[in-house]
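# Close look at the chain arrangement
One letter stands for each residue in the lines below.
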Amino acid sequence: MAPVRLAKSSYLSCVVRSIASRYSAAYHYRFMYSARSHLSKSGCLLFLALLAFSAALCLEPNAATAQESNEILPLSQVRPGMQGYAYTIFAGDQIEKFNLEVLGVLDNFLGPKQSIILVQLKGPKVEHTGVVAGMSGSPVYLDGKLAGALSLQVGIFTKEPIAGVTPIQDVLNAPSQTAAAQATTQQLGLPNETSTRTGLPSGSALEPIETPLVFSGFQPAALQQFANQLQGYGIVAAQGGTAPPQADDGHLVAGGMAGMVLVQGDASIYSACTVTAVQADRVYLCGHPFMNLGDIQIPMARSRVVATLSSNLASTKIVNVGGSIGTITGDHLTAVTGKLGAAPAMIPLDLILLVSGAEPTKQKSLHFELVNHPKLTPLLVAITTFSGLTQNSLYGEGTTLHLSGEIRLQGHAAVQIKNTFAPGDSLSPDGLPIALTMQNVFARLFANTFEPANVDRIALRVESVPGRKSFAIESAWLEKGEAAPGETLRVRVLLRPYRGAARVEETTVRIPEQVARGTTLRILVSDADLLNRASRGFAFAGAGSGPTGLDQLIALLNRERRNDRLYVGLFVPAPTLLWDDKELPNVPLSQINIIDGRPTPGSVQVLRESLAAEASIPLGGPVSGVISLNLQVR
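Conventions we followed
Residues numbered from 1 in each chain as written. Predicted model: local features only at pLDDT ≥ 70, side-chain atom pairs only at ≥ 80, totals over all residues. Heavy atoms only, no water. Helix = DSSP H or I, 4+ residues; strand = E, 2+ residues; numbered from the N terminus. Expected span 1.5 Å × (residues − 1). Buried < 20%, exposed > 50% of the residue type's maximum accessible area, 1.4 Å probe, protein only. Contact = heavy atoms within 4.5 Å. Pairing = 2+ DSSP bridges. 1 Å grid on protein atoms, 1.4 Å probe; cavity = no way out; pocket = protein on both sides within 12 Å on 5 of 7 lines; lining within 4 Å. Points joined across faces, edges and corners; volume = space filled by probe spheres on them. Nonpolar A, V, L, I, M, F, W, Y, C, P; charged D, E, K, R; others polar. Salt bridge = Lys/Arg side-chain N within 4 Å of Asp/Glu carboxyl O.

Every α-helix winds through 3.6 residues per turn, so residues three or four apart in the chain are directed the same way. For helix α10 (residues 432-446), built from 15 residues, the straight-helix expectation of 21 Å at 1.5 Å per residue is met to within 8% by its first-to-last C-alpha distance of 21 Å. Buried residues of α10: Leu432, Ile434, Ala435, Met438, Gln439, Val441, Phe442, Leu445 and Phe446, and no others. Where α10 is buried, its residues contact α8 (227-232), α9 (377-390), β20 (399-409), β21 (415-421), β22 (455-466) and α12 (550-558).

In spatial order, the strands read β26-β25-β23-β33; together these four strands make up an open sheet with mixed pairing. Every interior strand has two partners, whereas the edge strands, β26 (503-510) and β33 (623-624), have only one. The pairing of strand β23 (residues 471-478) with strand β25 (residues 488-497) spans seven bridges and is classified as antiparallel. Pairing of Phe471 across the sheet is with Pro497, part of β25.

Moving on to empty space enclosed by the protein. Gaps left between atoms show up when a probe the size of a water molecule is rolled over them. In this structure the tally under the stated criterion is three cavities of 30 Å³ or more. The volume enclosed by the second largest cavity comes to roughly 40 Å³. Contributing to the lining of the second largest cavity are Thr211, Ala258, Gly259, Met260, Ser271, Cys273, Leu285, Cys286, Phe290, Ile328 and Val336. Counting residues per element, the lining of the second largest cavity draws most heavily on strand β11 (residues 257-265), at three residues. Each residue belonging to the lining of the second largest cavity can be placed in one class, and the counts come to eight nonpolar, three polar and no charged.

Below, the discussion takes up the pattern of salt bridges. For the structure on display, the rule yields 21 salt bridges. The partner of Glu560 in a salt bridge is Arg444, and the shortest N-O contact between them spans 2.9 Å. Residue Glu560 is located in the loop between α12 and β28 (565-572), and its partner Arg444 is located in helix α10; the two are separated by 116 residues in the primary sequence. Between Arg533 and Asp529 there is a salt bridge, with the nearest N and O atoms lying 3.1 Å from each other. Taken together, the positions of Arg533 and Asp529, both in helix α11 (residues 528-536) and four residues apart, correspond to about one turn of that helix.

What follows is the structure in structure tokens.
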């Protein structure tokens with residue numbers, strides 16, 4: 001095993017400064033006052049002796065550190081009453097030492113053969129702050145040997161800072177993610193309501209020390225729109241900032257701070273926890289999972305602590321993210337692991353916001369980079385797009401937003417993005433539908449079962465037009481109630497613009513030549529969503545039939561109807577067979593009976609009608625409503 005790099009003595013302060021520092025300040029003031037008052041020859045000698053004693057005290061932590069070996073302490077040698085210490089950062093880059101005492105060992109706590117060490121933290125600083133969010137991973141030493149990583153805390157509002165320590169063997173040999181591990185992790189983060197139902201006393205359960213997910217460049221109002229989804233991931237959101245890369249970012253030692261980067265650029269999202277150990281280029285952090293993602297490839301960055309906020313509810317570190325220093329390679333039950341070196345590639349996202357109707361036209365460009373992960377990327381795209389759109393001076397509520405752009409994928413055609421969104425009467429922000437649309441597209445791309453969606457680039461453009469431009473379908477009628485096969489028929493639609501005078505739009509549909517006389521046809525005048533559902537059935541919602549490959553999925557996304565058009569669809573009473581990504585209208589019943597018995601029922605869907613003709617009218621704003629008309633073929 002490669003030697004474990006311990007916390008260097010140069011980071012340690014010879015005087016442990018309390019967060020509530022008024023007492024130590026008063027002490028130093030009295031000391032200096034008395035030294036001045038009695039300065040004499042004998043006093044000088046006494047003063048020099050005191051300085052020598054203080055220097056000896058300053059050297060004492062260095063000596064303690066030097067005596068530490070690179071050995072690890074097996075769990076079998078841990079006993080109640082053992083005195084030890086741990087390292088973490090409370091401010092800046094200064095790694096500080098605090099004491100602790102072993103209370104006991106809880107066997108099989110995290111799961112079968114997954115025990116923890118229960119300790120009580122001691123010292124003025126940790127007794128003031130309690131267990132701090134971001135402290136997880138702090139290396140714990142017993143008998144001068146590395147015994148584990150600080151990882152768990154006991155509830156909230158506790159009078160003593162009691163914490164759990166993940167044994168070092170489990171940290172250095174993080175097990176692969178299994179179903180049992182996932183179940184255990186969910187059990188650890190019990191909310192108060194669940195704790196009450198299961199009989200656990202509220203606030204007394206051991207649960208992971210919070211690893212804050214730090215948002216830089218995001219306002220709380222933006223994060224609030226996605227609060228439920230963030231909580232579903234077990235994420236605790238915090239605000240922070242960024243720090244310029246430094247030459248020593250990659251020089252990690254036990255007790256330092258690092259984490260994973262999810263978004264970087266004009267805004268950042270990153271996690272931060274304490275480094276437990278460094279073996280050559282391998283880094284071990286947190287002592288517990290971040291989101292239990294298993295084997296991953298996510299950039300690792302240095303974290304720098306600005307200050308530690310003490311709170312009776314939840315003390316936390318306020319941090320900035322520094323430069324990238326490697327790759328987070330694992331997120332498992334007992335540790336987050338990483339490798340120093342090059343960071344993995346991220347997905348570039350360019351967002352251009354354009355405001356029309358002003359002279360001159362205003363424009364703002366933003367650039368972000370996001371991780372490529374099937375569970376995280378759709379949500380990150382939504383949060384980043386929403387914040388980038390709404391949290392800048394060019395954005396204003398009450399405007400119509402035109403979204404366009406593309407998603408470029410390796411080895412496949414680009415996904416074309418084009419839609420229009422108008423302000424609504426609800427309290428949700430006008431830009432939220434754009435974010436949810438992007439999240440839906442990426443969720444469909446990453447959830448495909450054919451091959452990984454390797455995204456090269458995302459380019460989005462949002463044009464803001466003053467005012468609310470939307471249309472409601474009030475009525476529709478045909479020029480006559482019957483028509484012959486092959487005849488072209490005019491359809492008129494009465495539209496009501498938002499706070500505007502009603503207007504009539506006209507289009508045509510052609511009756512198919514093969515329709516039998518006496519047949520009743522249905523003409524559907526509607527918005528895009530309703531025509532999608534009428535022509536695709538429950539397959540439009542993702543169930544039943546669907547594409548058989550990523551290319552087919554992209555083609556399906558690119559031909560979906562847009563919500564700024566008025567659609568007129570002509571349906572004939574003949575079954576339509578939906579098979580994978582194909583629509584087969586007018587299928588004979590004999591063939592349907594044969595196909596319906598294939599080995600995978602549910603992958604074929606039969607609709608009672610077939611979309612025989614379709615026409616659309618672009619209106620420049622979202623359309624809503626539906627009118628169904630009957631037409632007799634003579």
